[in-house]
Amino acid sequence: MNDIAPDDISWMPSRTAKYLCRQTERLVKGGSLTPDACQRIYSFCGVRPGTGQWRTFLIPVLFSLGLLSLVTGALFFVAWNWADMPKITKFALTELLIVALAAVVWWRWYHRAARSALLAVGLSFGALFALYGQVYQTGADSWELFRAWLCVLLPLALIGRQNSLWFCSWLVANLGFQLYYSTLSLSFVDILSFDIFVHLPTAVLCSYLAALALCLIFREVLALRAIKHHPESWLASRWFSRLMAGFLLLLLTCIVAGNMSGWGRDTPLTLITGFWLITLLAGYYLYRYRYPDLCMLTLGTASLTATGCVLIMQLFDNSYDVGDLFLIGCLMALWVAGNGALLLHWRRKLYERAPVDVAPAELTALTEKLLQHGLLNQTQIQEIQQHDHSSHLPWYLRLALSIGGWVAAMIILLLLALILYMSDLLNDPDATTVIIPSLLLAAIAGGLLRTQGAGKHHIGLAWAIAATCGLCVGVFMLVEPDGETFILVSSLCALPVLAVMAMVMPDRTYRFMAITVMTLLLILSGHSLTSLYLPPVSGLCAISALVACVMIFWLWIVRNQLNLQTGPFAEGVHPLIHGIPAGLILLCFLGINAEFISDIFWYTPQFSTLQLGLGGGIAAGLTFSALYQRVVEKTHLSLFTLPAAILCGAAAVYAPGMGLGLWLLLMARYQGSQGSLLVSGGFLMLYVSGWYYFLGVTLLHKSLLLLVSGLVLLVLTWVVKKFLPAHSGGAYENQ
């Protein structure tokens, strides 16, 4: 039984395998399946990687990370010594990098590594063009750089046939257009401002939107054709189409909201408002009836919700009467809740009792394989099949409903403040004035979260968030700290409130958010305590020990998650597994953005100490946990985790986010979660971008760390390929 494994080992498990394993966890909670049997199912489906799965995963990941680390380290080194470097040296470094990457593409054309190298070649040409414009000062505008870059990316995208290169081409084309017609917008973040559209002629803006729509239609035609005839093709991937649709709707929503509010242009763009309505109607018909796609419907509903909220506010423009404000809040809350209920209704109608994005035929085939190998019996399979999967929501729908929950929570707090104001309770406010209504909100939230139905759960989530904010403010008002202890006292006031609410509110999303904030505030309060009452060295050791304890606790939960599913705290396992690293991620960003945080809190703590303590704690926690697993538990996986923990810990000492990000990539494969893999990769890229501006480490040391890390990762790629054996044998093809 232990020798059962997939024939063809994918680098990540399929959605069907991951979904079925998630259903077996429910059997473990119910007592109809043992944790050991569930572990064997995880291994059979490829969710828990064996030797072959680790090899298939590590080779492309280590190779890609090594290349990116070398490229980034070279850029950091050039930036450190830029002023003193001769022109010929600057060009030689950039061009040698392109030649080396091109050699990798030619050498490994049919290998996965060639795709990563080809993408790096396209990005490196952008650096070369920027270098040329900076060195020779040709007087060319910025948009000409992007035009030249686009002329290189398009042939590479045609040759490479991968979505990442087409995405870069699409991105560069949009940036070039924005820079050509406006000097105000330099990034996609600035597109959120309505002012960018003021400077575009109406005809140009309409043509731009029409071009975006045509690109989306062309990409969708290719994707739908590929899904029908060649579902394994790169064109069948849906993420690029959804991203293009989201960007188009973002632009249209901003323009329509500007038309309604009167911001920006003197004359409203009525034609574009009509185009927005046609886009929503066409998208509704296409993705509701012809080619069902819940993600596209979610994007359209989000646009409709935002525009509707602007319209509601404009109905009571320049009205500051309490009654009007109360009516605005009620209407906006009802509008947000109504659109959320509509999304949940579409989820039930489109997929009925079936899971989203999981092929029923593949799910049936996999359950039959499990039955043949004795991993599940007929009763357990029937229990899985009879389960109502409509409560399972895809990540984009959960994200949209969570954002809507936060918006609704702020509206609830506004309505509560208006009620207290009309009752004259805000004339001399005290803690009781805030705590008692917040407890009432918490009681309502608890009742809603304990009822059946996803809609009631997300309404209850909004009430729970509002109650938590109110209780934290009320407890904080009891203390009224001075400026020096602001962070310490506010953190200590919020921790017990969050802990109690996380235990009382039976909602996984709420518990995830609560544990994330608790992890953040626990380490922040510990840092404040040590900086106020301990010498610098002792304080650094104390904060490192605290972070190490958090890491050890998190890794213990990850290792024993299936056994914990049978205990009384089963509902808290997944929020802890995802909430603790989320809090650590926020702390890593906080450490390299100390000035921004200090401006928010009007307080200047020694965040450099937090950065050092965080890095030392992550390194100590990883190493201690891996040693315990090797010496005490003596598991087979410890042969792999111990060197990985040492390498990630060494990186964390100098850059906590890098060490944590590398470890999170490994944890994403251990959990078999593609979503966690994307989040971890995105976190690494964002952290390195922000780390460039962190003044606690010189650019020379940063570049040396990245260059050494890149070389180590490439050597590890060779070691894994040479000495880690590929898997053979088995019965299930995990495709």
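Residues numbered from 1 in each chain as written. Predicted model: local features only at pLDDT ≥ 70, side-chain atom pairs only at ≥ 80, totals over all residues. Heavy atoms only, no water.

**Focus on the overall build of the protein**
Now for step 1: On a plain count of helices and strands, the protein comes out with 28 helices and zero strands.
Now for step 2: A buried classification covers 48% of the 735 residues belonging to the protein.
Now for step 3: Of the accessible surface of the protein, which amounts to about 36,000 Å², a share of 68% is contributed by carbon and sulfur atoms. (Helix = DSSP H or I, 4+ residues; strand = E, 2+ residues; numbered from the N terminus. Buried < 20%, exposed > 50% of the residue type's maximum accessible area, 1.4 Å probe, protein only. Areas by Shrake-Rupley, 256 points an atom, 1.4 Å probe, with all protein chains shown as cover.)

**Quick notes on the pattern of salt bridges**
Now for step 1: For the coordinates displayed, the defined rule picks out four salt bridges.
Now for step 2: The salt bridge involving Asp 293 is made with Arg 238; its shortest N-O contact spans 2.6 Å. Within this pair, whereas Asp 293 is found in the loop between helix H10 (270–290) and helix H11 (294–315), its partner Arg 238 is found in the loop between helix H8 (202–229) and helix H9 (239–261), the two being separated by 55 residues in sequence.
Now for step 3: Judged by its relative accessible area of 4%, Asp 293 falls in the buried class.
Now for step 4: Taken together, the shared-partner salt bridges in this structure form one network comprising Glu 220, Arg 238, Arg 242 and Asp 293. (Salt bridge = Lys/Arg side-chain N within 4 Å of Asp/Glu carboxyl O.)

**Observations concerning the nonpolar core**
Now for step 1: In this structure, Trp 554, Trp 663 and Trp 691 are the most contacted members of the largest nonpolar core, which totals 64 residues.
Now for step 2: Top contributing element to this core by residue count: helix H26 (residues 656–671), with 10 residues.
Now for step 3: Not counting the four nearest positions on each side in its chain, Trp 663 is found in contact with Trp 554, Leu 555, Leu 622, Thr 641, Ala 644, Ala 645 and Cys 648.
Now for step 4: Formed by 36 residues, the second largest nonpolar core is a distinct cluster that contains Leu 209, Leu 212, Leu 216 and Leu 251. (Core = buried A, V, L, I, M, F, W, Y, C linked by side-chain atoms within 4.5 Å. Contact = heavy atoms within 4.5 Å.)

**Notes on the packing of aromatic side chains**
Now for step 1: Scanning all chains against the criterion turns up 18 aromatic pairs.
Now for step 2: With a centroid separation of 6.1 Å and 40° between ring planes, the pair formed by Phe 146 and Trp 149 is classed as tilted. Residue Phe 146 and its partner Trp 149 are both found in helix H6 (residues 142–160); the two are separated by three residues, about one turn of the helix.
Now for step 3: Take Phe 146: its relative accessible area is 15%, and that puts it in the buried class.
Now for step 4: Residue placement shows Arg 48 over the ring face of Tyr 670; its charged tip is 4.4 Å from the ring centre.
Now for step 5: Cation over ring: Lys 702 sits above Trp 691, and NZ or CZ is 5.7 Å from the ring centre. (Phe/Tyr/Trp six-rings, centres within 6.5 Å; stacked < 30°, edge-to-face > 60°. Lys NZ or Arg CZ within 6 Å of the ring centre and 35° of its normal.)

**Some thoughts on the side chain of Ser 703**
Now for step 1: Following the sequence through the fold, Ser 703 ends up in helix H28 (residues 699–723).
Now for step 2: Note on Ser 703: relative accessible area 0%, which makes it buried.
Now for step 3: Those residues in contact with Ser 703 that lie beyond four places of it in its chain are Gly 73, Phe 76 and Phe 77.

**What to know about a nonpolar patch on the surface**
Now for step 1: The grouping of Trp 395, Leu 399, Ile 403 and Val 407 at the surface amounts to a nonpolar patch, some 410 Å² of accessible area in total.
Now for step 2: On the basis of relative accessible area, Ile 403 is assigned to the partly exposed category, the value being 49%. (Patch = residues over 30% accessible without salt bridge, like charges linked within 9 Å, V, L, I, M, F, W, Y side chains within 5 Å.)

**Describing unusual backbone geometry**
Now for step 1: One non-glycine residue, Arg 161, lies in the positive phi region at around 50°.
Now for step 2: The topology assignment puts Arg 161 in the loop between H6 and helix H7 (163–181).

**Some remarks on the packing of H8 against H9**
Now for step 1: Packing of H8 against H9 leaves a shortest axis separation of 10 Å and a crossing angle of 155°. Comparing their axes, H9 and H8 come out roughly antiparallel. Once H8 is placed against H9, the crossing between them reads as left-handed. On H9, the residues that touch Leu 205, Tyr 208, Leu 209, Leu 212, Ala 213, Cys 215, Leu 216, Arg 219, Glu 220 and Ala 223 of H8 are Phe 240, Ser 241, Met 244, Ala 245, Phe 247, Leu 248, Leu 251, Leu 252 and Ile 255.
Now for step 2: Residues of the contact of H8 with H9, tallied by class, amount to 16 nonpolar, one polar and two charged. (Axes fitted to C-alpha atoms, helices over the stretch in contact; angles between N-to-C directions. Parallel < 35°, antiparallel > 145°, perpendicular 65-115°, else oblique. Left-handed = near helix turned anticlockwise from the far one by under 90°. Nonpolar A, V, L, I, M, F, W, Y, C, P; charged D, E, K, R; others polar.)

**A look at the confidence of the model for the protein**
Now for step 1: Model confidence for the protein is summarised by a mean pLDDT of 81, while 86% of its residues fall at 70 or above.
Now for step 2: Contacts for the low-pLDDT stretch residues 728–735, under 50 throughout, to residues beyond four places or in other chains number 32 contacts. (pLDDT = per-residue confidence, 0-100.)

**A look at the packing of helix H1 (residues 15–30) against helix H2 (residues 35–45)**
Now for step 1: The interhelical angle for the contact between H1 and H2, taken along N-to-C directions, is 180°, at an axis separation of 10 Å. Relative to H2, the element H1 is oriented roughly antiparallel. Where H1 approaches H2, its residues Ala 17, Cys 21, Thr 24, Glu 25 and Val 28 are matched on the opposing element by Pro 35, Cys 38, Ile 41, Tyr 42 and Cys 45.
Now for step 2: For the contact of H1 with H2, a count of residues per class yields eight nonpolar, one polar and one charged.

**Details of the environment of Arg 508**
Now for step 1: Relative to the helices and strands, Arg 508 resides in helix H19 (residues 508–533).
Now for step 2: For the pair formed by Arg 508 and Leu 461, sequence separation is 47 residues and the distance between their alpha carbons is 9.9 Å.
Now for step 3: With sequence-adjacent residues up to four places away left out, Arg 508 is seen in contact with Lys 29, Glu 571, His 574 and Pro 575.

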